[in-house]
Every structure is written in structure tokens, then in C-alpha cells.
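Report on the structure
Residues per chain are reported as follows:
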Amino acid sequence: MTTPRLGRREFLGASLGASALAAGGAWAEPAAASDATDWRQNEQIQKAREVGLGILKPSPKELQRGLELHAESIVFDSYGFSPRAALDGDVVRAAAEAGASRVELQDLREEMSMTRPATDPAERAEFLQAWKAAGVTCIFQNAGEEGQDPMRLLKRLARFTYLTDKMRDVVAKAVTPDDVVAAKEENRHCLYFSGNGVPLRQHWVSVEDELRYVRIFFQLGIRMMHLTYQRRNMIGDGCGESSDAGLSDFGREVVAEMNRQGVIVDVAHSGWKTSLEAAKASSRPMVASHTTCTALCRHYRSK
């Protein structure tokens, strides 16, 4: 059975109770709902909402118009994480006391934060509360770690594949843009997967052999990849490198292969020269998925 997202009228009705605060009055608490996934029962979401409205101070008319646009639109977060789950402290402590290594504990923490909504009823309820409060249709989900090792990149991809397999009635894996549109039409949510790195075997037998995993990860659902992450790799220079030598010859082959397979080139963590050369090399639109404008804030992560 599909759990419906708040419809337009319900979304606006629940949200417009904030108008009094926006106009300088007191917070008007909406009536309690019986649905455990209703975000109005979540105190943390309510507090965050109060803070936001207190800063923005929209008029009732502005707030209503903004909420209408939000409710009627496909809202796509260009890069991020779906709501995280709380850890089971007892399980983590037991693992630590049993001698688990740092890597094992890190894996355990990530496993819990990313997959518990699929297995724990309380975490599932809060997970859906966060989705409903945000009103987001789709998130370009960070489903990979920072680096090129295929086995390392598989970890988060497996976790979010598991999550979307178990919760596909409400939060599914999207593999085409049409899946995002369908999710909106059916009052569901979805995740589009980003790999956070280009999977490289690093055997260097040939360029073709080295790049074969780009296609494999595309087939597993990855639709966007970082060329670099802060530092230099065989593809190019990251934004943390002072030299910023740009895209390598191999990097141009990487961009071409990503274009062939339909994987979006992402230069969010690449140096300025690397980013520009990747844009020139790419035959398809590419992105800096999460960055800032240098004219507003000069920072090594900006563009």
C-alpha cells in the first residue's frame, strides 16, 4: 500500500498555521494528527521551522504563494542525503567492547544511519516525517564514498539500494528522469544516485580496461560522478590542490566514457582549471552539484 505524500490542500493547510509567526505573532500549533508519519508531531522539525520563519519573516501572502509553488513543483535536491536515522547506541557499544576496528565501527554507524528506516518502525516514521515536511520529490543521493576504489564505492550504493528496495512504495530508486516525474504524480519520493567518484580498477592495463566499471556502476543505478575529490588523482586536480594543473589526458577519456554511458560529469570538488577543461571536453551538460559563486564568496570550493 502506498503511503501518500501530503496533497496540495493538506500541505498548505498544515503549513499556513505558521502565518501568525511570520506576521510577528505567536506560533499557532496545528491540531495533532493520528498519522505517525505526520511531521507536525516532530518537535525538532517544528523548532527548525520556527527558526526559519523567524529569519525570513514572510507575509501571509508571500508564505502562501511560496508554499503553493513548492507543493505544485517537482522539487529536486541537486546533491545531498536523504534523512538519516539515529544509531542504536547499545549495538555500537557492544561492537566496540567486542573489539571492533575503527573501520568496522564506521561501517556500522553508516549502515545504521542509512538503512534503519527500512527495518525499524520508529525510524521509518521519523524518516517519512522529514520527507513530508521538506516536500522534496527527489534527492541526488550521495551513494558513494570519496575515492576511486570500486569496492569502497559499492558500500553506500548497496545501502541505499537496500533502502529503496525495502521502501519502494514511498521512496524508490529513480533510474530515468521519467521516474522522478512519476514519483511526483503518484505522491511518492525517490532517490537518484551519485557515485562521489569514478570507479577505477587502477591496474592500468589499458584505458578501456580501466574504465569498464563506469558502465557497470551506471547499470547499478549511478547517474552522476565526481571527477576528483579535493586532491589530485589520475583524472585531474581537486580544488584543494594549489597548482590546479587541470584535466589529464586520461581524464579526457574518463569524461568521454561518462558521456557515452549517460553519467553526469560533476566538478563540485574539482579545481577551477580542471572544472573548465572538463566543461570544454564534455559533449553533454555537466554540473558543479554543490558549490558557491566566487563573486559572492571566494573560497577554494567556489567556482
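Residues numbered from 1 in each chain as written. Predicted model: local features only at pLDDT ≥ 70, side-chain atom pairs only at ≥ 80, totals over all residues. Heavy atoms only, no water.

Another aspect to go through is the overall build of the chain. Across its full length, the chain holds 13 helices and 6 strands. Of all 303 residues assigned to the chain, the portion counted as buried reaches 46%. Within the chain, counting contacts between residues at least 6 apart in sequence, those at least 24 apart form 67% of the total. About 15200 Å² of surface is accessible on the chain, with carbon and sulfur atoms providing 54% of the total. (Helix = DSSP H or I, 4+ residues; strand = E, 2+ residues; numbered from the N terminus. Buried < 20%, exposed > 50% of the residue type's maximum accessible area, 1.4 Å probe, protein only. Contact = heavy atoms within 4.5 Å. Areas by Shrake-Rupley, 256 points an atom, 1.4 Å probe, with all protein chains shown as cover.)

Attention shifts here to the environment of Ala86. Turning to its location among the elements, Ala86 is positioned in the loop between β1 (76-80) and α5 (89-97). Judged by relative accessible area, Ala86 falls into the partly exposed class, the value being 40%. Linking Ala86 and Met114, residues 28 residues apart in sequence, is a C-alpha distance of 9.2 Å. Beyond its immediate sequence surroundings of up to four residues, Ala86 is in contact with Arg116 and Glu123.

Let's shift gears to helix α12 (residues 249-261). Along its 13 residues, α12 runs 19 Å from first to last C-alpha, staying within 8% of the 18 Å computed at 1.5 Å per residue. Turning to α12, its buried residues number three or more, namely Phe250, Gly251, Val254, Val255, Glu257, Met258, Asn259 and Gln261. Buried positions along α12 lie against α10 (207-210), α11 (212-219), β5 (222-226), β6 (264-266) and α13 (272-281). Count one or two residues on from α12 and you reach Gly262, which has phi positive near 90°. (Expected span 1.5 Å × (residues − 1).)

Here we come to the nonpolar core. Among the nonpolar cores identified, the biggest contains 36 residues, and Leu191, Val198, Met225, Leu227, Ile235, Val254 and Met258 are the most heavily contacted of them. Listed in part, the 9 residues of the second largest apolar core include Ala174, Val180, Ala183 and Met224. (Core = buried A, V, L, I, M, F, W, Y, C linked by side-chain atoms within 4.5 Å.)

Quick look at helix α3 (residues 43-56) now. Compared with the 20 Å implied by 1.5 Å per residue over 14 residues, the 20 Å span of α3 between its first and last C-alpha is a close match. Listing the buried residues of α3 in full gives Ile45, Gln46, Arg49 and Leu53. All buried residues of α3 project into a common sector of 100° when viewed along the axis, lining one side. Turned more than 90 degrees off the buried face of α3, the exposed positions are Glu43, Gln44, Val51 and Ile55. One or two residues past the end of α3 sits Lys57, with phi positive at roughly 50°. (Arc of directions from axis to C-beta.)

Each pair of aromatic rings is reported with the distance of its centres and the angle of its planes. Under the criterion given, the structure shown has 6 aromatic pairs. With 6.3 Å between their ring centres and 70° between their planes, Phe127 and Trp131 make a pair best called edge-to-face. Of this pair, Phe127 and Trp131 both sit in helix α7 (residues 121-134), separated by 4 residues, roughly a single helical turn. Across the pair, exposure class does not vary: Phe127 and Trp131 are buried alike. Cation over ring: Arg84 sits above Phe81, and NZ or CZ is 3.9 Å from the ring centre. Above the face of the Phe218 ring, Arg223 is positioned so that its terminal group lies 3.9 Å from the ring centre. (Phe/Tyr/Trp six-rings, centres within 6.5 Å; stacked < 30°, edge-to-face > 60°. Lys NZ or Arg CZ within 6 Å of the ring centre and 35° of its normal.)

Below, the discussion takes up the packing of α12 against α13. In contact at an axis separation of 10 Å, α12 and α13 are set at 50° when each is read in the N-to-C sense. Here α12 is positioned oblique relative to α13, judged by the angle of their axes. In the crossing of α12 with α13, the sense of the turn from one axis to the other is right-handed. Residues Arg252, Val255 and Asn259 of α12 touch α13, and the partners they reach there are Glu277, Ala278 and Ala281. Of the residues that constitute the contact of α12 with α13, the class distribution is 3 nonpolar, 1 polar and 2 charged. (Axes fitted to C-alpha atoms, helices over the stretch in contact; angles between N-to-C directions. Parallel < 35°, antiparallel > 145°, perpendicular 65-115°, else oblique. Left-handed = near helix turned anticlockwise from the far one by under 90°. Nonpolar A, V, L, I, M, F, W, Y, C, P; charged D, E, K, R; others polar.)

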